Amino acid sequence: MTEHAATVLGREEAAVAALAAEAAAAARPRAPKSGEGFNSTVHSLRGVAAMMVFLAHVVGGVGENVYPHDAAYLAATYAPWNFGRWGVWLFFVISGYVILPSVLRYTPREFALRRFFRLYPLFLAFSLLFIAVNAVSNAYPELNMLSVIAPALLLVNLLTRTEQLTPNAWSLSYEVLFYAVTCLTVHVALRRHNRVQTVLMALVCAALVYRFPAMAFFAAGIGARLLDDHAIRPPRAWSRPLEVLAFAGCLYFGSIQHYGFLPKEMGDPRAYAVLFFTSAYFFMAIAPGSLTARLLDRPAAFYLGTVSYSLYLAHPYSYFAMRHVFVRLGLFGEHAGLSLALFLAVVVPVTLVFTRLVYHWLERYPYQWFFHERVFHRRDARAETS
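The sections below set out a description of the structure shown in this document.

## Thoughts on the overall build of the protein
Secondary structure summary: the protein contains 16 helices and zero strands in total. In the protein, buried positions account for 46% of the 386 residues. Partitioning the contacts of the protein with sequence separation of at least 6, the portion at a separation of at least 24 is 76%.

Take a look at the structure:
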């Protein structure tokens, strides 16, 4: 073999080896990098938050409605009940994190359309169900008035200070207000470069956080996104200890009390501790190689993240129906713990099946019908939620 031929052959072998190495690297699962749209840990945390709220409603609801005079049961479930409801605040931080790229990517009109078809069909279906059932039963006569129904359906009940109708949708009213303000702020500040309007929107944002302190969780999510996109993280040696410490803070402060984050409650320093530790934990959890990322790197966790919105809005209905069945059949016995275990063994799979149907027909189908694309793209595509 001539020296020239050997050189050519060596180059070809090197090229083949490089292509093989590139293909192998692409085939391996990799942690989400800063700046990439999709973070599988964030996605799975949606499912964790939704499941926490679901289980909190089961545990607390059984206590309130079946065993209200069982002091031992109520005492035993007080902490997990509170911590389950902490999942709502985790949801808010996640929303702040995932919405910012969509606001930057789409025009205000397209962003609004995508949010509408992503959220409203499912919300409307359950709202109309509640309105119809309440009109027949008159269980909540104060909610049968048009002055309550109209703001609830328009998701402006926070501003009108009226009740939301769909169970759990009170948090959706916060979400929609956050979407609108964030979209307008980005539009006037980064697209129109209007300084006066930017200052006005900044004042509006500050006023909303003052009036609705829970909005601060969304701001924390935006902050986590900006830090993550710029790869600003604590040293790797500190990351996991800080993650454990932050989660311990969430567990402790989230369990000792239920926080509504209303202005009148903000004199309690523990509320600020919940905000701080929730924000810190989320920031640590979404980093590549975090303990949370390793724990949630499971198909089941990813699936729960995909159906989390449907699970969040659907579970009150399946829970109420199954609780009614258990009461009618006398399955809630004197031993509250055993009865709760039996109830969970039934209501969890029933709810997951119901959630699957709701997700397919009321969440995924309307969005795909209008946009001709998936709500969530394939996991290996690393694309942001639409």
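## Considerations on helix H5 (residues 108–137)
Because each turn of an α-helix spans 3.6 residues, side chains separated by three or four positions end up pointing in the same direction. Along its 30 residues, H5 runs 41 Å from first to last C-alpha, staying within 8% of the 44 Å computed at 1.5 Å per residue. A maximum bend of about 40 degrees is found in H5 at Tyr120, where proline Pro121 lies one to four positions downstream. Among the residues trailing H5, Asn138 stands out with phi positive, at a value near 55 degrees.

## What about a nonpolar patch on the surface?
On the surface, a nonpolar cluster with roughly 700 Å² of combined accessible area is contributed by Val353, Leu357, Trp361, Tyr365, Trp369 and Phe370. For Val353, a relative accessible area of 53% corresponds to the exposed category.

## Some points on a positive patch on the surface
Positive charge collects at one region of the surface, where Arg236, Arg240, Arg294 and Arg298 lie side by side. With respect to the secondary-structure elements, Arg236 resides in helix H11 (residues 236–255).

## Regarding the side chain of Arg118
With respect to the element layout, Arg118 can be found in helix H5. For Arg118, the side chain forms a polar contact with the side chain of Glu363, separated by 2.5 Å. Contact partners of Arg118, with chain neighbours within four places excluded, come to Tyr309, Glu363, Tyr367, Val375 and Phe376.

## Quick word on unusual backbone geometry
Its identity is not glycine, yet Arg161 carries a phi of approximately 60 degrees, on the positive side. One non-glycine residue with positive phi stands out, namely His372, at about 60 degrees. On the secondary structure map, His372 appears in the segment after helix H16 (336–371). For His372, a relative accessible area of 68% gives the class exposed.

## Quick notes on the packing of helix H2 (residues 40–65) against helix H3 (residues 71–85)
The geometry of H2 relative to H3 is characterised by a closest axis approach of 8 Å and an angle of 150 degrees between their N-to-C directions. With respect to H3, the axis of H2 lies roughly antiparallel. Of the two elements, H2 crosses H3, and the hand of that crossing is left-handed. Residues Met52, Val53, Ala56, Val59, Gly60, Val62, Gly63 and Glu64 of H2 lie in contact with H3, whose contacting residues are Tyr73, Leu74, Thr77, Trp81, Phe83, Gly84 and Arg85. The residue inventory of the contact of H2 with H3, partitioned by class, reads nine nonpolar, four polar and two charged.

## Here's the deal with the pattern of salt bridges
Counted by the stated rule, this structure contains six salt bridges. Taking the shortest distance from any N to any O, the salt bridge between Glu110 and Arg114 comes out at 3.1 Å. Residue Glu110 and its partner Arg114 are both found in helix H5; the two are separated by four residues, about one turn of the helix. By relative accessible area, Glu110 is classed as partly exposed at 29%. Glu363 is paired through a salt bridge with Arg118; the nearest N and O atoms lie 2.5 Å apart. Taken together, the residues Glu363 in helix H16 and Arg118 in helix H5 connect sequence positions 245 residues apart. Bridged by salt links that share partners, the residues Glu110, Arg114 and Glu373 form one connected network.

## What about the side chain of Ser290?
By the secondary structure assignment, Ser290 is in the loop between helix H12 (269–285) and helix H13 (291–296). Engagement of the side chain of Ser290 in a polar contact is seen with the backbone oxygen of Ala285, the distance being 2.6 Å. The residues contacting Ser290, other than those within four sequence positions of it, are Glu243, Met284 and Ala285.

## Overview of the nonpolar core
Counting residues in hydrophobic clusters, the biggest one holds 97 residues, and the most contacted among them are Trp86, Trp89, Phe92, Phe261, Phe282 and Phe343. Considering each element in turn, this core owes the most residues, 12 residues, to helix H4 (residues 87–105). For Phe343, the contacting residues outside a window of four places in its chain are Val58, Val62, Tyr319, Met322, Arg323, Phe326 and Phe332. Counting seven residues, the second-largest nonpolar core is a separate cluster that includes Val307, Tyr359, Tyr367 and Phe371.

## Comments concerning the environment of Glu334
Along the polypeptide, Glu334 turns up in the loop between helix H15 (308–329) and H16. Given a relative accessible area of 83%, Glu334 falls into the exposed group. Each C-alpha atom of the pair Glu334 and Asp70 lies 9.6 Å from the other, and the pair is 264 residues apart in sequence.

## Notes on the packing of H5 against helix H6 (residues 146–154)
Axis separation between H5 and H6 bottoms out at 10 Å; the angle between their running directions is 160 degrees. The angle between H5 and H6 places the two elements in the roughly antiparallel class. In this structure, H5 crosses over H6, and the sense of that crossing is right-handed. Together, Tyr120, Phe123, Leu124, Ser127 and Ile131 of H5 and Ile149, Ala152 and Leu153 of H6 make up the contact between the two elements. Its residues placed into classes, the contact of H5 with H6 shows seven nonpolar, one polar and no charged.

What counts and how
Residues numbered from 1 in each chain as written. Predicted model: local features only at pLDDT ≥ 70, side-chain atom pairs only at ≥ 80, totals over all residues. Heavy atoms only, no water. Helix = DSSP H or I, 4+ residues; strand = E, 2+ residues; numbered from the N terminus. Buried < 20%, exposed > 50% of the residue type's maximum accessible area, 1.4 Å probe, protein only. Contact = heavy atoms within 4.5 Å. Expected span 1.5 Å × (residues − 1). Bend = angle between axes of the 7 residues up to and from the residue. Patch = residues over 30% accessible without salt bridge, like charges linked within 9 Å, V, L, I, M, F, W, Y side chains within 5 Å. Areas by Shrake-Rupley, 256 points an atom, 1.4 Å probe, with all protein chains shown as cover. Salt bridge = Lys/Arg side-chain N within 4 Å of Asp/Glu carboxyl O. Lys, Arg positive; Asp, Glu negative; His and termini not counted. Charge placed at Lys NZ, Arg CZ, Asp CG, Glu CD. Polar contact = N/O pair within 3.5 Å; in protein donor to acceptor, adjacent residues only side chain to side chain. Axes fitted to C-alpha atoms, helices over the stretch in contact; angles between N-to-C directions. Parallel < 35°, antiparallel > 145°, perpendicular 65-115°, else oblique. Left-handed = near helix turned anticlockwise from the far one by under 90°. Nonpolar A, V, L, I, M, F, W, Y, C, P; charged D, E, K, R; others polar. Core = buried A, V, L, I, M, F, W, Y, C linked by side-chain atoms within 4.5 Å.

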